[in-house]
Amino acid sequence: MLSHVGPDPMDHGRFPVDPWRLVETGYSPVDTGLTETLFAVANGYLGMRGNPEEGRPAFAHGTFLNGFHETWPIRHAENAFGFAKTGQTIVNVPDAKVLKIYVDDEPLTFGTADLEHYERSLDFRDGILRRSLVWRTPSGKRVRIDSTRMVSMTQRHLAVLTMEITLLSGEAPIVISSQLLNRQDGKDEYHQPAAAQGMDPRKAASFEERVLLPRMSYATDDRMLLGYQAAHSGMTVAVAADHRLSTSDAYETVVRAEDDLAKIVFRVDASTGTTLRLEKVVAYHSSRGVAVRELSDRCDRTLDRAARLGVSHLQDEQREWYAGFWAAADVEIAGRGPEMEALQQAIRFNLFSLAQATARTDGVGVPAKGVTGSGYEGHYFWDTEIYVIPFLTYTSPTVARNTLHFRSVMLPAARDRAAEMAQKGALFPWRTINGEEASAYYAAGTAQMHIDADVAYALTRYVQATGDFGFLIREGIDILVETARMWAELGFWRSTDTGEEFHIHGVTGPDEYTTVVNNNLFTNVMARYNLEQAVAAVRRIAGDHPIEFGQVSSRLSLTDDEVEEWERCAEGMVIPFDESFGIHPQDDLFLEREVWDLPNTPAELRPLLLHYHPLVIYRFQVLKQADVVMALFLQGDRFTAEQKQADFEYYDPITTGDSTLSAVVQSIMAAEVGYHEVALRYFYDALYVDLMNLHDNTVDGMHIASNGGLWSALVFGFGGMRDAGGLSFDPRLPKSWDSLDFRVRWRESRLLVRLTQDTITFTVEEGVEPVPLTVRGIAYDVTREAPVSVALSHQGPRIDGTLGDMPILHGVRPDGSTTTSTVPEPSTGPLTGEIPIVPVPAAPETT
């Protein structure tokens, strides 16, 4: 397992504790890529990395639009039928952040500039990135520069940048060069590429030919625009910027427009003590194929409206939006330790990152890195349904519905993919942007057919929590029916001494260190749930909405026989269990493998995926991320407490944590079974995964699934909430915490849950509808007029200490052999070399 961090590992000399801001008080070139990600601003559609306004130095320049991508043919060295054909990679759209500053014709350049003062902050209450500095120029003049950067939550296509410059001593000519720069294909005058070239196969691929074809450019005294069409996907994009300069000093304006650069240069004869202020308002529009001229018109409308409203109004709107977000999503903790303020800051940073990744997706998916970086090529994975949508369902249900609608839009392509895979129904792609499968490595990609059940899980939990039955009838039922058809076709029946069993072979579970197996437990458990929910939904619609049911039956060619077949498949589903080991094996042959000796694996050989061929890893009992333990969480009502503890104790020591998706689930289940110290340790790992760059790849963007899972660790883990059939609570508050407050929305009401060591209290903050729930099996109805407080005699079982990292080797196989552990000889070195766009995209599939 990866090394763990404590509750307060950050350098507070440079990053001071502030419950509502991420603050940096000193510039450092050592971690430029990391801070570019941490200080990114985004709204789910548009994202701007925290690159300096001046353009350099930078690790990876980045401005991204969710869903805007280029396609390319995947060239397999050895092709086969059904292999993914079309790669998709998010494109770095033209950079509008650039505001280069010159005083006495000397440029401001971080790393070499003499800075008397520097502070950068990202405020979670308004989403505005602020920077303040005092620069002593080479000629000895002192210049104060204050800037802001905001991507609007209320105006989806809009970004607002401001800059104020004051000469504190002397007089001098000041030049501000405001630019739109195509970094995807062009380079700036310093020849800096759009993104750093990487060695890690989890990074995005690089292109070998021009991506954005120029279609339009212009610049006037106050507005400029660049427009492009992607060479192969045909998608179009336009970016335009308005400017307003305020100063009492004399100035002139120079404009220039080329294919890959448009700029407006302001030359000011600045006097001492006079502040000049520049407002730069930017609009981005993209399309699957609308002409750039049309996008130019859209940019004009967006900018004209913004001009009428004004920058102050836009910032006020932003603050109001975030006030609403925090009213619904804030999680507050209190405790006795000095680390509690730092923990609160880190919790809010993770929740803030979720807002930036999801708020204005508006009909597209949630990329694994949001729009803060190009990691995983901007693809959508199962991350969205299992880690992000639960947060959205209980805090921002409208956004959850939009995200599920996106899966509905992808359904025709999923039907095509299922047919290509010789299956009925629909098979959602493992990784995609446009709906087509983009995973060239099928063993850890297409074979993860549990994606169908993951989508069904998110859908049914959303409908249950919101009561949005209309969405189920119009769109959701199609997903449930087509995914159920896929499972019924994929599996097969086998007669045994105990009766008929339904098996699913040749699949991969969440753990990508074990692939293409028979009866993966997670897959079977989730497929069973998918089938059961499809049956229940069909019968409910038939009984309660007969007219709509007729329409559903007609458009899906639905028959009673196949619904009964799904029911039989669910009842007959094989759920592997080994009596000798006393656990659920991850798959039929998992316990036949020897155990990877993680305690004796040198740290320099981690993560395993970068130092061992996949076939080496596949021969061992070793997990990249939680698999059986994930099933214990998502389908906890189907396992006993004793089974959960035994499974957790077996799998935890052989789980590497090489995936950021693992720690949150391990924290939740550790809390449930009683390993309270282990739960906190994993919670800290998830909490600081980006803030401390624990996986050495935050430079490529935030880990959005981990951010979402962090909320689940708080609410489902320590808060003890479960939602199988309704809301229930069995809390596990850490010993060092005095209280935990969180909000969940149930139907039309918002519920405040306050947990202390001896009570749990429920208050309806918004709405009039009663909220039914149970606390440790006892039912309550919470109303606006009557909050409910329940005394707690304990916080669940408490098992002190940690499990350690030694695997359990006491099991005896049917042939009488016992498991052993070893470390295979390593490869000659880590994976190296630039990742080109061909022949094959990155192999590892999840974040």
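Model, not experiment: these values are computed from the prediction.

Enquirer: Give a description of the overall build of the protein that names residues and reports values.
Expert: Within the protein one finds 18 helices and 32 strands. What you see for the protein is a C-alpha radius of gyration of 27 Å, in line with the 29 Å of a compact globule of 847 residues. By principal-axis analysis of the C-alpha atoms, the protein measures approximately 90 × 65 × 60 Å. Across the 847 residues that make up the protein, the buried fraction comes to 64%. In the protein, 70% of the contacts between residues at least 6 apart in sequence involve partners at least 24 apart.

Enquirer: Outline the pattern of salt bridges, supporting the account with residue identities and numerical values.
Expert: Per the counting criterion, the structure on display carries 60 salt bridges. Note that aspartate 260 and arginine 210 form a salt bridge whose closest N and O atoms lie 2.6 Å from each other. Note that aspartate 260 is positioned in the loop between strand 16 (251-257) and strand 17 (261-270) and arginine 210 in the loop between strand 12 (172-181) and strand 13 (212-219), a separation of 50 residues in sequence. The closest approach of N and O atoms between aspartate 478 and arginine 555, which form a salt bridge, is 2.6 Å. You can see aspartate 478 sitting in helix 9 (residues 469-490) and its partner arginine 555 sitting in helix 11 (residues 546-556), a full 77 residues away along the chain. When salt bridges with common partners are traced through the structure, they connect Glu332, Arg743, Arg745, Arg750, Glu765 and Glu766 into a single cluster.

Enquirer: Outline the sheet that holds strand 12, listing residues and values.
Expert: The sheet built from five strands is open, its strands ordered 7-6-12-17-16 with antiparallel pairing. Whereas interior strands pair on both sides, the edge strands pair on one side only; in this sheet they are strand 7 (106-107) and strand 16. Two strands pair when backbone bridges link them, and strand 16 and strand 17 are joined in this way by seven bridges, in the antiparallel orientation. Paired with threonine 253 across the two strands is phenylalanine 266, which belongs to strand 17.

Enquirer: Quick one: what's the story with the pairing of strand 18 (residues 275-287), residue by residue and with numbers?
Expert: For strand 18, the tally of buried residues reaches eleven of 13 residues, placing the bulk of the element in the interior. Where strand 11 (residues 158-167) and strand 18 come together, nine bridges link them in antiparallel fashion. Among the inter-strand pairings, alanine 159 is bridged to a residue of strand 18, identified as valine 282. Where strand 15 (residues 236-246) lies against strand 18, eleven bridges are found, and the strand directions are antiparallel. Its bridge partner being in strand 18, valine 239 is matched across the sheet by tyrosine 284.

Enquirer: Account for the sheet that holds strand 1 (residues 21-24), naming residues and giving values.
Expert: Hydrogen bonding along the main chain pairs the strands of a sheet, whether they run parallel or antiparallel. Spatially, the nine strands line up as an open sheet ordered 1-8-9-10-11-18-15-14-13, and their pairing is antiparallel. With one partner strand each, in any of the chains shown, strand 1 and strand 13 form the two edges of the open sheet. The average undirected angle you get between the axes of adjacent strands in this sheet is 10°. Along the sheet, helix 2 (residues 292-309) makes contact with strand 11, strand 13, strand 14 (223-230), strand 15 and strand 18, crossing strand 18 at roughly 140°.

Enquirer: If you had to explain the pairing of strand 15 to someone new, which residues and values would you point to?
Expert: Regular strands show a simple pattern: their side chains alternate between the two faces of the sheet. In terms of burial, strand 15 is a largely internal element, nine of the eleven residues being buried. When strand 14 meets strand 15, the two strands line up antiparallel, connected through seven bridges. By the bridge assignment, arginine 223 is partnered in strand 15 with aspartate 242.

Rules of the game
- Residues numbered from 1 in each chain as written.
- Predicted model: local features only at pLDDT ≥ 70, side-chain atom pairs only at ≥ 80, totals over all residues.
- Heavy atoms only, no water.
- Helix = DSSP H or I, 4+ residues; strand = E, 2+ residues; numbered from the N terminus.
- Rg over C-alpha atoms; globule rule 2.2 N^0.38 Å.
- Buried < 20%, exposed > 50% of the residue type's maximum accessible area, 1.4 Å probe, protein only.
- Contact = heavy atoms within 4.5 Å.
- Salt bridge = Lys/Arg side-chain N within 4 Å of Asp/Glu carboxyl O.
- Pairing = 2+ DSSP bridges.
- Axes fitted to C-alpha atoms, helices over the stretch in contact; angles between N-to-C directions.

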